[in-house]
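Given next are the chains, with one letter for each unit.
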Amino acid sequence: MYGALNADKSNAVLVCHALNASHHVAGYYADDRQNIGWWDNLIGPGKPLDTNRFCVIGVNNLGGCFGSTGPSSINPATRKPWGADFPVVTVEDWVTTQARLADQLGIQRFAAIIGGSLGAMQALSWTIQFPERIGHAIVIACAPNLSAQNIAFNEVARLAIITDPDFHAGHYYEHGVRPTRGLRVARMVGHITYLSDDEMASKFGRQLRYGKLGYTFGVEFEIESYLRHQAEKFSGYFDANTYLRITKALDYFDPAADHGGNLSLALEPATASFLVISFTTDWRFSPERSREIVKALLDNRRDVAYAEIEAPHGHDAFLLDDPRYHRLIAAYFARIANRVVT
Amino acid sequence: MNTRAMERADFRAIAHWIKPAARVLDLGCGDGTLLRYLADERESIGYGVEIDDDGILACVNNGVNVIQGDLERGLSGFADGSFDYVILSQTLQAVRSSERVVREMLRVGREGVVTFPNFGYWPNRLQVMRGKMPLSDNLPYAWFDTPNIHLCTITDFENFCRTHGVRILERIVMRDGKKVSVLPNVLGSLAVYRFERA
């Protein structure tokens, strides 16, 4: 929780996290100043999502590995880690748990719910599942469901984990090992989809790590070194069972499925005002996917502002500090703040 | 008379035509001033289409619904007949494919509203007679640096409507924010039309 809840609890903003993030959305820990929140460039005092005006709530999704109960937690029935027995959870499940958290905090209605990517799917699902409990949805770098290509990448990632000899059918904790090799490959595949071709070209190009080719299978190009480093870092702190479940939640998300594929019908209950943002070079969840959401909102005559931000960074742009992007979010929250009156 | 006040004048004319609580789409809505005005005055349910980042930001500041996009690429994100009015204010002269934009307006909306600077306004004619492209409050751009690539006169536009299946329902011609009824194609600087499919 960042910032203070006002007297009538009308200034609460829920931040839904994407694949590998957590409740720690902003600021750093007193004992670890290097550990900065994943959306610190957006959230804080005087920042676009201003914690002087809003009470910002970060959550850990069920099944995660940063605090909420997940596959690495102890199953009270067996007194062993849940492992493979931990159920598969969906975006809708997460939203339901977040609503229960809101009940506990006495928050009847969120002024806004914001998220990027998988986090945006949760914000979108909120507007359908609990339309009366959300004033504004800020849906960034989202898609109304995954494309076949998206699912394909997820499947490669999952197979990398599942086929790691250290996976032990998901019960690796008991064996005192972790399928880090599989998790590394999974992260590399995912990471490639977050970046744009242009971004990779300008950041790495064909630069060599050691100045000349070695004709080996070790690291030769800078991009290889970068991916391996990122994967190494990630596999050190992330749980493979969580990764499997989160990619599944992504694959399953499809609010239009219950309405014959008609997203407009799916969004009929949604009464929130929307800010939808996409990034031009995001090929994972391209602007066209956001336009599908906008079209469905228009069909239902909902309030919507849609911006297509020209940014070179691909899908990851939603995490970065782009002035046009942040100005827009600041303006949108300023309007919400004026309505909430703190 | 400054441009903003002149816009106000055509905004007033447009607002007068728009029925209360109508669904309105404003193409090239800029900072959303017209939509804000229509929402306040006519309780319109409005959406804007704007290509420019600063316009989008200004619309958000104005609390106006806006969708970033290029209207030259068509209005594929909008369903047939989904609006009561589609407005193109001071933009017709700046689009590449005027025919297509007008066709799309009447696909998406029951009625279209356009406003444009009248190239037939006498000071423009005078400047052309003197051998120069016109420069004025209404047409403030030098020929080499103008977004206005399809300037037309009132007569041109009405001929266009006749040959493109467009039925004009109402017309107001203005100068300095006041209505012009005598020799409109000579004395009027700004034309405002309401039309439907013929």
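Residues numbered from 1 in each chain as written. Chains lettered and ligands numbered in written order. Predicted model: local features only at pLDDT ≥ 70, side-chain atom pairs only at ≥ 80, totals over all residues. Heavy atoms only, no water.

### Thoughts on the nonpolar core
With 157 residues, the main nonpolar core has A:Trp39, A:Ile114, A:Ile140, A:Phe274, A:Phe279, A:Phe333 and B:Phe157 as its most contacted residues. Looking at this core, the element that brings in the most residues is helix α10 (residues 323-340) of chain A, giving nine residues. Not counting the four nearest positions on each side in its chain, A:Ile114 is found in contact with A:Val13, A:Leu14, A:Val15, A:Cys16, A:Trp39, A:Leu42, A:Leu49, A:Ile138, A:Ile140, A:Ile329 and A:Phe333. Listed in part, the six residues of the second largest apolar core include A:Leu195, A:Met200, A:Phe204 and A:Tyr226. (Core = buried A, V, L, I, M, F, W, Y, C linked by side-chain atoms within 4.5 Å. Buried < 20%, exposed > 50% of the residue type's maximum accessible area, 1.4 Å probe, protein only. Helix = DSSP H or I, 4+ residues; strand = E, 2+ residues; numbered from the N terminus. Contact = heavy atoms within 4.5 Å.)

### A few points about the layout of surface pockets
For the largest pocket, the calculated volume is near 910 Å³. Along its surface, the largest pocket is lined by 34 residues, and A:Asn20, A:Trp38, A:Arg187, A:Tyr237 and A:Leu319 are the ones closest to its centre. Those elements giving two or more residues to the lining of the largest pocket turn out to be β3 (32-36), α4 (180-194), α5 (197-203) and α6 (222-237) of chain A. Approximately 740 Å³ is the volume attributed to the second largest pocket. Along the walls of the second largest pocket sit 31 residues, with B:Gly28, B:Ser89, B:Gln90, B:Thr91 and B:Gln93 positioned nearest its centre. Listed by contribution, the elements that provide at least two residues to the lining of the second largest pocket are α1 (3-17), α2 (33-42) and β2 (45-50) of chain B. The element best represented in the lining of the second largest pocket is α1(B), accounting for four residues. (1 Å grid on protein atoms, 1.4 Å probe; cavity = no way out; pocket = protein on both sides within 12 Å on 5 of 7 lines; lining within 4 Å. Points joined across faces, edges and corners; volume = space filled by probe spheres on them.)

### Brief notes about the pairing of strand β11 (residues 273-279) of chain A
Residues and elements named next belong to chain A. For β11, a buried count of seven out of seven residues is recorded, marking the element as mostly surrounded by other parts of the structure. The alternating pattern of β11 places Ser-273, Leu-275, Ile-277 and Phe-279 and Phe-274, Val-276 and Ser-278 on opposite faces, both of which are buried. Sheet analysis places strand β10 (residues 134-140) next to β11, joined by five bridges and oriented parallel. Across the sheet, the residue bridging to Ala-137 is Phe-274, located in β11. Looking at chain direction, β11 and strand β12 (residues 304-309) are connected through six bridges and run parallel. Within β12, the residue paired with Phe-274 across the bridge is Val-304. For the handedness criterion, the β-α-β arrangement of β11, helix α9 (residues 287-299) and β12 is classed as right-handed. (Pairing = 2+ DSSP bridges. Right-handed = clockwise from strand over helix to strand, strands pointing away.)

### What to know about the packing of helix α3 (residues 148-162) of chain A against helix α7 (residues 240-252) of chain A
All names here are of chain A. At a minimum axis distance of 10 Å, the contact between α3 and α7 shows a crossing angle of 160 degrees. Viewed along their axes, α3 and α7 adopt a mutual orientation that is roughly antiparallel. Read as a crossing pair, α3 and α7 show a hand that is left-handed. On α7, the residues that touch Ile-151, Asn-154, Ala-157, Arg-158, Ile-161 and Ile-162 of α3 are Ala-240, Tyr-243, Leu-244, Thr-247, Lys-248, Leu-250 and Asp-251. Of the residues contributing to the contact of α3 with α7, the split by class is eight nonpolar, two polar and three charged. (Axes fitted to C-alpha atoms, helices over the stretch in contact; angles between N-to-C directions. Parallel < 35°, antiparallel > 145°, perpendicular 65-115°, else oblique. Left-handed = near helix turned anticlockwise from the far one by under 90°. Nonpolar A, V, L, I, M, F, W, Y, C, P; charged D, E, K, R; others polar.)

### Description of empty space enclosed by the protein
Counted under the stated rule, the structure contains three cavities of 30 Å³ or more. Considering only enclosed or pocket space, the largest cavity measures out at about 80 Å³ in volume. Every residue lining the largest cavity is listed: A:Ala307, A:Ile309, A:Arg324, A:Arg327, A:Leu328, B:Asp53, B:Asp54, B:Ile56, B:Leu57 and B:Gln68. For the lining of the largest cavity, the secondary-structure elements that each account for two or more residues are β12 and α10 of chain A together with α3 (53-62) of chain B. Of the residues that constitute the lining of the largest cavity, the class distribution is five nonpolar, one polar and four charged. One number sums up the size of the second largest cavity: a volume of about 70 Å³. In terms of residue class, the lining of the second largest cavity is built from eight nonpolar, six polar and no charged.

### Some thoughts on the side chain of A:Asn241
Residue and element names in this part refer to chain A. Note that Asn-241 resides in helix α7. Judged by its relative accessible area of 1%, Asn-241 falls in the buried class. What Asn-241 contacts, discounting residues up to four positions off in sequence, is Pro-71, Gly-83, Ala-84, Phe-167, Gly-170, Tyr-172 and Tyr-173.

### Considering the environment of B:Val173
Residue and element names in this part refer to chain B. One can find Val-173 in strand β6 (residues 166-175). Here Val-173 falls in the buried class, since its relative accessible area comes to 3%. Aside from chain neighbours lying at most four places away, what touches Val-173 is Ile-154, Lys-178, Lys-179, Val-180, Pro-184, Gly-188 and Leu-190.

### What about helix α1 (residues 91-105) of chain A?
With 15 residues, α1(A) extends 21 Å between its outermost C-alpha atoms, agreeing within 8% with the 21 Å of an ideal straight helix rising 1.5 Å per residue. In this structure, the buried side of α1(A) is in contact with β1 (12-16), β9 (110-116), α2 (118-129) and α7 of chain A. (Expected span 1.5 Å × (residues − 1).)

### Things to note about the interface of chain A and chain B
At the junction of the two partners, chain A supplies 19 residues and chain B supplies 19 residues. Taken over both partners, the interface formed by chain A and chain B buries close to 1,700 Å², and the fraction arising from carbon and sulfur atoms is 56%. Contact with chain B buries surface across chain A, with A:Leu298, A:Arg301 and A:Arg335 losing the most and accounting together for 32% of the total. Counting across the interface, chain A meets chain B through one salt bridge. (Buried area = accessible area lost by both parts, 1.4 Å probe. Salt bridge = Lys/Arg side-chain N within 4 Å of Asp/Glu carboxyl O.)

### Structural notes on the pattern of salt bridges
Residues and elements named next belong to chain A. Under the defined criterion, the tally for this structure stands at 22 salt bridges over all chains. In this structure, Arg-181 engages Asp-164 in a salt bridge whose closest nitrogen and oxygen atoms are separated by 3.5 Å. Here Arg-181 is found in helix α4, whereas its partner Asp-164 is found in the loop between α3 and α4, with 17 residues between them in sequence. On the accessibility criterion, Arg-181 (46% relative accessible area) is partly exposed. On the basis of relative accessible area, Asp-164 is assigned to the buried category, the value being 5%. Taken together, the salt bridges that share partners define one network made up of Glu-155, Arg-158 and Asp-251.

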